[in-house]
Amino acid sequence: MTDADSHTATPTSDGHGPEPYLSIVVPVYNEQAAIRPFLQEMETALDKLDARVEYVFIDDGSTDATVLEVQACMSDGPQIQLLVLSRNFGKDAALAAGLAHARGRAAIPIDVDLQDSPAVIPEMVQKWRDGAKIVNARRADRTTDSWFKRVSAQLYYKLFNAVADHPIPENVGDFRLIDRQVIDILNTMSEKARFNKDLFSWVGFDSAEVTFERQPRHHGSTKWSFWKLWNFGLDGLFGASTAPLRLWSYLGFCFAMASFIYAGYVLARTMIFGVDTPGYASTIVIILFFGGLNMLSVGILGEYVGRIYREVRDRPLYIVQRTHHSDKEV
Ligand code: UDP
Ligand code: MG
């Protein structure tokens, strides 16, 4: 029996047994207006799938009526688990919470704002049934994103893949299908500074790809400020690579060599032409330059020390305040 067969072989995993076949994992943060349109579109997209689907909503500390809205939708029919986190932990932690509670044979993290198109899900499921353990959804075009976001994302992917230990696929966000085997592994990875894109690519496994057109946001506004994105980007980079640390060894080596040569030159010149007192400008420039360089390297060291501190402190990645289940629970 091939592994693809195993999805349909046992009575509980054919999509009709008591266990959900597919978990749709949806982190939500102040998205009260987006919940209903999202569920409607999902129902249309999954109609043809004919399998038991559960939604795992993770309320990431919303201050609006998001929780009430999800609860209201529970009575409409879909099987829903709602995890209410104790505060805003960020999307990546919220996704980790969702994956830990998902019970399906596979899970699909998806944004609630309909920027990730639910219409491609049947195609993703098909590729999974054909044997892929991870099915990435690549954004075919990003014309709905601003020029700045597109260019900065492109540069970031290039930089990231140049230094990271494991490259991440370009233009693939968190929207992808993940097999149970991979979910179980992700659930054991407890690192605090979480960058899901890196984790998803680090685990490896056979992967496939579908493409979709990224839509404009349907309701509400983006939850990412420039500053949040900047920090997120840095976190990802420092988390996935120690190249910035290594950079200083190379830089240090180059400057040490240059200083050595320069020292030889100064020594020879002094011995041949005698002592030359002026030189304040060049001295101060060199002192300031190396002072700046030192501070920069201490800063980068600090990035890693800070991360070590967070890991050693070992606080939980997220706190689930309470959970709600829809009545359709079996
Ligand atoms: N989100 C979250 N916690 C946060 C920020 C965002 O759970 O701190 C959720 C948000 O509700 C949405 C998804 O993550 O479902 C993507 O967020 P958004 O659309 O703001 O990101 P963008 O599409 O602009 O990158
Ligand atoms: Mg969005």
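Look up: the structure comes first, before these words.
Here's a quick rundown of the structure. Everything numeric here is computed off the predicted structure, so don't read it as measured data.

## Notes on the packing of aromatic side chains
Okay, step 1: One pass over the full model with this rule turns up 11 aromatic pairs.
Okay, step 2: A cation sits over an aromatic face here: Arg-87 above Phe-89, 3.9 Å from the ring centre.

## A short note on the site of ligand 1
Okay, step 1: Around ligand 1 sit 19 residues in total, of which Glu-31, Asp-60, Asp-113, Thr-222 and Lys-223 are the nearest.
Okay, step 2: Between ligand 1 and the protein, one listed contact pairs an oxygen atom with a side-chain N or O atom of Glu-31 at 2.6 Å.
Okay, step 3: Val-112 is positioned with one of its backbone polar atoms (N or O) 3.2 Å from an oxygen atom of ligand 1.
Okay, step 4: In isolation ligand 1 has 530 Å² of accessible area, and contact with the protein removes 95% of it.
Okay, step 5: Counted by class, the shell around ligand 1 contains 5 nonpolar, 4 polar and 10 charged residues.

## Re the pattern of salt bridges
Okay, step 1: Applying the stated criterion to the full structure yields 9 salt bridges.
Okay, step 2: One salt bridge connects Arg-103 with Glu-54, and the closest N-O pair in it is separated by 2.9 Å. Of the two residues, Arg-103 sits in the loop between α4 (91-101) and β4 (106-109) while Glu-54 sits in strand β2 (residues 53-59), which places them 49 residues apart along the sequence.
Okay, step 3: According to the relative accessible area criterion, Arg-103 is partly exposed, its value standing at 30%.
Okay, step 4: Of the residues examined, Glu-54 reaches a relative accessible area of 0% and is grouped as buried.
Okay, step 5: Asp-174 is paired through a salt bridge with Lys-91; the nearest N and O atoms lie 3.2 Å apart. Of this pair, Asp-174 sits in strand β6 (residues 172-179) while Lys-91 is found in helix α4, placing the two residues 83 residues apart along the sequence.
Okay, step 6: In this structure, a network of salt bridges that share partners links the residues Lys-91, Asp-111 and Asp-174.

## A few points about the coordination of the magnesium ion (ligand 2)
Okay, step 1: Protein coordination of the magnesium ion (ligand 2) is provided by Asp-113 (OD) and Gln-115 (OE1), with donor distances spanning 1.9 to 2.0 Å.
Okay, step 2: Assessed through its relative accessible area of 11%, Gln-115 is described here as buried.

## Some words on helix α7 (residues 180-188)
Okay, step 1: Turning to α7, its buried residues number three or more, namely Arg-180, Val-182, Ile-183 and Leu-186. Across the axial projection of α7, the buried residues extend over an arc of 155°, all falling on one side.
Okay, step 2: Against the buried residues of α7 lie α4, β4, β5 (134-141), β6 and α8 (196-202).
Okay, step 3: N-capping of α7 is provided by Asp-179, with a side-chain oxygen placed 2.9 Å from the backbone N of Gln-181.

What counts, and where the lines are drawn
- Residues numbered from 1 in each chain as written.
- Chains lettered and ligands numbered in written order.
- Predicted model: local features only at pLDDT ≥ 70, side-chain atom pairs only at ≥ 80, totals over all residues.
- Heavy atoms only, no water.
- Phe/Tyr/Trp six-rings, centres within 6.5 Å; stacked < 30°, edge-to-face > 60°.
- Lys NZ or Arg CZ within 6 Å of the ring centre and 35° of its normal.
- Near = heavy atom within 4 Å.
- Polar contact = N/O pair within 3.5 Å; in protein donor to acceptor, adjacent residues only side chain to side chain.
- Areas by Shrake-Rupley, 256 points an atom, 1.4 Å probe, with all protein chains shown as cover.
- Nonpolar A, V, L, I, M, F, W, Y, C, P; charged D, E, K, R; others polar.
- Salt bridge = Lys/Arg side-chain N within 4 Å of Asp/Glu carboxyl O.
- Helix = DSSP H or I, 4+ residues; strand = E, 2+ residues; numbered from the N terminus.
- Buried < 20%, exposed > 50% of the residue type's maximum accessible area, 1.4 Å probe, protein only.
- Donors = N, O, S within 2.8 Å, 3.2 Å for Na, K, Ca; no water.
- Arc of directions from axis to C-beta.
- Contact = heavy atoms within 4.5 Å.

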